[in-house]
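# Examining the three-dimensional arrangement
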Amino acid sequence: MTLPLNKRIVLEWGGVPFLGHSFPFRCLFSPAGCRASVDAEGKGPSPAWLGEGIGEESGGFLFLWPSGRKFSERFDMAVAGLIVGLGNPGKQYESTRHNMGFLFVDELLREARNVSSMSGDKFRCELWKASLPGSPDQWLIAKPQTFMNLSGECVQPLAAWHRLLPENILIVHDELDIAPGRMKFKKGGGNAGHNGLKSITQRLGTPDFYRLRLGIGRSPHGSEDTVNWVLGRLT
């Protein structure tokens, strides 16, 4: 499509505006579902916001400027998926069994490459983008700051903003039914009484996301001691 020159062009996907500029250009390629609108009075961000492109690609935009230089902006932010470590924020919860997801993220970030901190305020989380060991892809890595029982209030908006499906989400959490020092990986299933998983399932509308279950075992004092056990510090 050819857009009017010298107007503000706002491109939207899924009803969310994500690109606006105030200079002449022509949109050569757009995915299904994209809508362009024109605002003669608005002002867009700096052209420097765009990075050097490599040509047409599925799920992106290619723009041709009058100079002939090509630029590309991917609406999926060029991330392979989202890794979320569950836990509770605050000093009193540091290094507790229920914060195994947070501890996992800390170790993952130490091993990852090209780690960059991002603003996660609108999603109520600490947020990073990084390349994982052995993979060239970039991933979003998050620690929700909502407290465990409201984890879905972080995960669902964050995934929706970055156009990520449940199958592109990995939740890392503590698991009572697995012995300490062991872990299991699975997709979907029940929540086994884990309120963080329950919240995420409710907000996503499906249990079909991936889970990495980190074993903490059960209290030797029985089920009556479960709360003290999960909120107790690792020894």
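Thresholds applied
Residues numbered from 1 in each chain as written. Predicted model: local features only at pLDDT ≥ 70, side-chain atom pairs only at ≥ 80, totals over all residues. Heavy atoms only, no water. 1 Å grid on protein atoms, 1.4 Å probe; cavity = no way out; pocket = protein on both sides within 12 Å on 5 of 7 lines; lining within 4 Å. Points joined across faces, edges and corners; volume = space filled by probe spheres on them. Nonpolar A, V, L, I, M, F, W, Y, C, P; charged D, E, K, R; others polar. Core = buried A, V, L, I, M, F, W, Y, C linked by side-chain atoms within 4.5 Å. Buried < 20%, exposed > 50% of the residue type's maximum accessible area, 1.4 Å probe, protein only. Helix = DSSP H or I, 4+ residues; strand = E, 2+ residues; numbered from the N terminus. Contact = heavy atoms within 4.5 Å. Pairing = 2+ DSSP bridges. Phe/Tyr/Trp six-rings, centres within 6.5 Å; stacked < 30°, edge-to-face > 60°. Lys NZ or Arg CZ within 6 Å of the ring centre and 35° of its normal. Axes fitted to C-alpha atoms, helices over the stretch in contact; angles between N-to-C directions. Parallel < 35°, antiparallel > 145°, perpendicular 65-115°, else oblique. Left-handed = near helix turned anticlockwise from the far one by under 90°. Arc of directions from axis to C-beta.

A word on empty space enclosed by the protein. Unfilled space is identified by rolling a water-sized probe across the atoms. All told, the structure shown has 1 cavity of 30 Å³ or more when counted by the stated rule. By volume, the largest cavity amounts to about 40 Å³. Partitioning the lining of the largest cavity into residue classes produces 2 nonpolar, 3 polar and 4 charged.

Right, let's talk about the nonpolar core for a bit. If you look at the biggest cluster of nonpolar residues, it comprises 20 residues, and the most contacted ones within it are L82, V84, C125, A142, L158, I169 and I171. Looking at this core, the elements with two or more residues in it are β8 (82-85), β10 (125-131), β11 (138-144), α2 (152-161), β12 (169-175) and α3 (195-204). Ranked by residue count, the leading element in this core is α2, at 4 residues. Apart from residues no more than four positions distant in its own chain, L158 is found in contact with L82, F123, C125, L127 and A142. Among the nonpolar cores identified, the runner-up in size contains 19 residues, and W128, A130, L170 and V230 belong to it.

A few words now on the pairing of β10. Burial runs high along β10: 6 of the 7 residues are buried. In this sheet, β10 lies alongside strand β9 (residues 113-118) in antiparallel orientation, the contact comprising 4 bridges. Paired with S117 across the two strands is W128, which belongs to β10. Where β9 hands over to β10, the hairpin turn is made up of 6 residues, of which R124 adopts a positive phi near 60°. Sheet topology note: the β10/β11 ladder contains 7 bridges and is antiparallel.

Turning next to α3. For α3, the set of buried residues is G196, L197, S199, I200 and T201. Taken together, the buried residues of α3 touch α2, β12 and β14 (210-215). Just downstream of α3, G205 is the residue with a positive phi angle, here 80°.

A separate point is the packing of aromatic side chains. The final tally for this structure, using the stated rule, is 3 aromatic pairs. Between Y93 and F147, the ring centres sit 6.2 Å apart and the planes meet at 80°, which makes this aromatic pair edge-to-face. Taken as a pair, Y93 in the loop between β8 and α1 (100-111) and F147 in the loop between β11 and α2 lie far apart in primary sequence, 54 residues in all. Centroid distance F185 to Y210: 5.4 Å. Interplanar angle 10°. Geometry classified as stacked. Of this pair, F185 sits in strand β13 (residues 183-187) while Y210 sits in strand β14, and the two are 25 residues apart along the sequence. Accessibility expressed as a relative area gives 27% for Y210, which makes it partly exposed. Seen from the ring of W229, R97 lies directly overhead, with NZ or CZ sitting 3.5 Å from the centre. Sitting above the plane of the F209 ring, R211 keeps its charged end 4.4 Å from the centroid.

One way to put it is that α2 packs onto α3 with a least axis distance of 8 Å and a crossing angle of 40°. Taken as axis vectors, α2 and α3 run oblique relative to one another. Handedness of the α2/α3 crossing: right-handed. Contacts between α2 and α3 involve G152, E153, V155, Q156 and P157 on the former and, on the latter, S199, I200, R203 and L204. For the contact of α2 with α3, a count of residues per class yields 4 nonpolar, 3 polar and 2 charged.

Moving on, we get to the sheet that holds β8. With mixed pairing, the 7 strands of this open sheet are ordered in space as β9-β10-β11-β8-β12-β14-β13. The open sheet has two edge strands with one neighbour each: β9 and β13. Taking the axes of each pair of neighbouring strands and ignoring which way they run, one obtains an average angle of 20° across the sheet. Note: β12 against β14, 6 bridges, orientation parallel.

Attention shifts here to α2. Within the sequence span of α2, burial applies to G152, C154, V155, L158 and A159. Down the axis of α2, the buried set is contained in an arc of 160°. They therefore lie on one face. Residues of α2 that are buried in the fold lie against β8, β10, β11, β12 and α3.

Purely geometric stuff here, so don't read any function into it on its own.
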